[in-house]
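Residues per chain, in single letters:
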Amino acid sequence: MNSKSIENSIVRDMKLAPEGHLKIDWVEAHMPVLNRIRAQFEAEQPFKGLKVAISLHLEAKTAYLAKVVMAGGAEVTIAGSNPLSTQDDVCAALVEDGVTVLAKHNPEPEEYKEMLIRLLETKPDLIIDDGGDLVTILHTERPDLLVNIRGGAEETTTGIIRLKAMEKDQILKLPMVAVNDAYCKHLFDNRYGTGQSVFDAINRTTNLVVAGKNVVVVGYGWCGKGVAMRAKGLGANVIVTEVNPIRAVEAHMDGFQVMPMLEAAKLGDFFITVTGNKYVITGEHYDVMKDGAILSNAGHFDVEVNKPELLIRSSSVRTVRKNIEEYQFKDGRKMYLIAEGRLVNLGAGDGHPAEIMDMTFALQAMSLKYVNDNYEKLGKQVLNVPYEIDEQVARFKLESLGIALDSLSEEQVAYLDSWNVH
């Protein structure tokens, strides 16, 4: 047990640590790619003498990423990236493992922000961000803390949107790798991870059947594709709403109904937003929804479902099951909101499966090493994950599954590299 991590940490209850250790041990046993990288980091010590600050959904899989980074020689401090996704038992266990933790489940908004600031006040050399909160604080409220930071990596779509806006306005002051945009990330994490974990959370929270219901998926990016695919697999009638004509055509050709949100609002039993944008379900939609409609969000921030306009239409609000709020409308209808409109798969569930996050967090760990190895020449910009890292993670995953690949012959390589061939 590390006395320094205990002294500097803010957690709910250290007595919860035994259950947290069991959770971390379980995911470690199911994350072979990270295990391989951990062994590499232990041997090479790429972060020796450095401080790393991490802000991610603080549950067992994230905890294991923190331990892998620490195995590379780093002094690691971690905070949550969403108030409802932090698991107090995992926090306590991580403190016992030597990581400084600044996180509690469902803190007050002021306390949540203060913990992010304290995370940055450790003066890290490298950061891992989720949703862009750390980078935003650094550039607005605490630019004095930027001087030590070599760069970092961003986990999710929302954060990358914010980073690219900063880059466009020429105010970004450090290199950030867009892990979310890695091919392995959006193909597997966003599609298979989000698809499964969203319905894991909805099913266990509502205890209602999906088969035969109308599921409205708002947005058909990689996450939306995964949610629609899993809804279809559960027997739902899937309706997709979109603003992008190319994605709308894709959803149509994938076999889903496509229509404007105002039309879909009249039909939906479950609504799942996956856009990364603000107020995609709003007052005009509530006005035509069925009695008993269930609302949820799988985007990073709790802004996709317009909660103020839910309140305006309501005579009362009460919690009817854990993570379900019932809005009693003045006209007699009831609407149900899961996990306060926050990221449903983590606010009301355990997030993506361990095997999925194994690949995503492998990308994070290797991208962090890449930034540290090259920060002096990367510039102050948003960077793609190098293809070599993306491919290596996929190769490690295949090897862990016992799957072999073909390889190109010298003749085939020469053929592909030449224009004057027959």
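What counts and what doesn't
- Residues numbered from 1 in each chain as written.
- Predicted model: local features only at pLDDT ≥ 70, side-chain atom pairs only at ≥ 80, totals over all residues.
- Heavy atoms only, no water.
- Helix = DSSP H or I, 4+ residues; strand = E, 2+ residues; numbered from the N terminus.
- Rg over C-alpha atoms; globule rule 2.2 N^0.38 Å.
- Contact = heavy atoms within 4.5 Å.
- Lys, Arg positive; Asp, Glu negative; His and termini not counted.
- Charge placed at Lys NZ, Arg CZ, Asp CG, Glu CD.
- Buried < 20%, exposed > 50% of the residue type's maximum accessible area, 1.4 Å probe, protein only.
- Polar contact = N/O pair within 3.5 Å; in protein donor to acceptor, adjacent residues only side chain to side chain.
- Expected span 1.5 Å × (residues − 1).
- Domains from an automatic or database assignment.
- Buried area = accessible area lost by both parts, 1.4 Å probe.
- Salt bridge = Lys/Arg side-chain N within 4 Å of Asp/Glu carboxyl O.
- Nonpolar A, V, L, I, M, F, W, Y, C, P; charged D, E, K, R; others polar.
- Pairing = 2+ DSSP bridges.
- Right-handed = clockwise from strand over helix to strand, strands pointing away.
- Phe/Tyr/Trp six-rings, centres within 6.5 Å; stacked < 30°, edge-to-face > 60°.
- Lys NZ or Arg CZ within 6 Å of the ring centre and 35° of its normal.
- UniProt positions renumbered as here; feature names shortened; annotations may be inferred.

**Quick word on the overall build of the protein chain**
Summing up its helical and strand segments, the protein chain has 18 helices and 15 strands in all. The globule rule puts the C-alpha radius of gyration for 422 residues at 22 Å, and the 22 Å found for the protein chain is close to it. In the protein chain, the proportion of contacts linking residues at least 24 apart, taken out of those at least 6 apart, comes to 71%. Taking the 45 positively charged and 59 negatively charged side chains of the protein chain as two groups, their mean positions are separated by 4 Å.

**A short note on unusual backbone geometry**
With a phi close to 55°, N106 is a non-glycine residue in the positive phi region. Structurally, N106 is set in the loop between β3 (100-102) and α6 (109-120). Located in the positive-phi region is Y279, a residue other than glycine, with phi close to 55°. Within the element layout of this structure, Y279 appears in the loop between β10 (270-273) and α13 (283-286). Residue Y279 is classed as partly exposed on the basis of its relative accessible area, which comes to 36%.

**Description of the side chain of K104**
Locating K104 in the fold gives a position in the loop between β3 and α6. Separated by 3.1 Å, the side chains of K104 and E111 make a polar contact.

**Remarks on helix α4 (residues 60-71)**
With 12 residues, α4 extends 17 Å from end C-alpha to end C-alpha; this agrees with the ideal 16 Å at 1.5 Å per step. Counting buried positions over the 12 residues of α4 gives 11, a clear majority of the element.

**Looking at the domain arrangement of the protein chain**
The assigned domain composition of the protein chain is domain 1 (3-187 + 352-401) and domain 2 (193-348). One C-alpha centre belongs to domain 1, the other to domain 2; they are set 29 Å apart. In this assembly, 18 residues from domain 1 lie in contact with 15 residues from domain 2. When the two sides are added together, the surface that domain 1 and domain 2 hide from each other amounts to roughly 1500 Å², 64% of it contributed by carbon and sulfur. Of all residues in domain 1, L84, T158 and H352 bury the most surface against domain 2, accounting for 36% of the area lost on that side. For the interface between domain 1 and domain 2, the tally reads zero salt bridges. One can count four residue pairs in polar contact (both at pLDDT 80 or more) joining domain 1 with domain 2. Elements with a contribution of two residues or more to the side of domain 1 that touches domain 2: α8 (157-168) and α9 (183-206). In the side of domain 1 that touches domain 2, the residues fall into five nonpolar, nine polar and four charged.

**Focus on the pairing of strand β2 (residues 75-79)**
Of all the five residues making up β2, four are buried; the element is thus mostly covered by neighbouring parts of the structure. The pairing of strand β1 (residues 51-55) with β2 spans five bridges and is classified as parallel. Bridge pairing links A53 to T77 in β2. What joins β1 to β2 is α4, and the crossover it makes is right-handed. Taken together, the three bridges between β2 and β3 define a ladder with parallel strand orientation. From the neighbouring strand, T77 faces β3, where its bridge partner is T100.

**Remarks on helix α11 (residues 245-253)**
The backbone nitrogen of I246 has a side-chain oxygen 2.8 Å away, supplied by the residue at the start of α11, namely N244. One or two positions beyond α11, positive phi appears at G255, with a value near 100°.

**Re the packing of aromatic side chains**
Per the counting criterion, the structure on display carries three aromatic pairs. The ring of W222 carries the charged tip of K225 above its face, separated from the ring centre by 4.0 Å.

**Quick word on the UniProt feature "binding site: substrate" (unreviewed entry) in the protein chain**
UniProt annotation of "binding site: substrate" (unreviewed entry) refers to D130, E155, K185 and D189 when read in the numbering used here. In terms of the greatest pairwise C-alpha distance, the residues named above, spread along 60 residues, form a tight cluster of at most 14.2 Å across. You can see D130 is positioned in the loop between β4 (126-129) and α7 (133-140). Accessibility expressed as a relative area gives 3% for D130, which makes it buried. The contacts of D130, once residues within four sequence positions are left out, are S55, L56, H57, S81, E154, E155, T156 and H300. The residue E155 is located in the loop between β5 (151-154) and α8 in this model. Overall, the relative accessible area of 7% leaves E155 in the buried class.

**Re the pattern of salt bridges**
Per the counting criterion, the structure on display carries 28 salt bridges. One salt bridge connects E326 with K334, and the closest N-O pair in it is separated by 3.8 Å. Across the pair D331 and R333 runs a salt bridge, and its minimum N-O distance is 2.9 Å. Classification of R333 by relative accessible area gives buried; the value is 14%.

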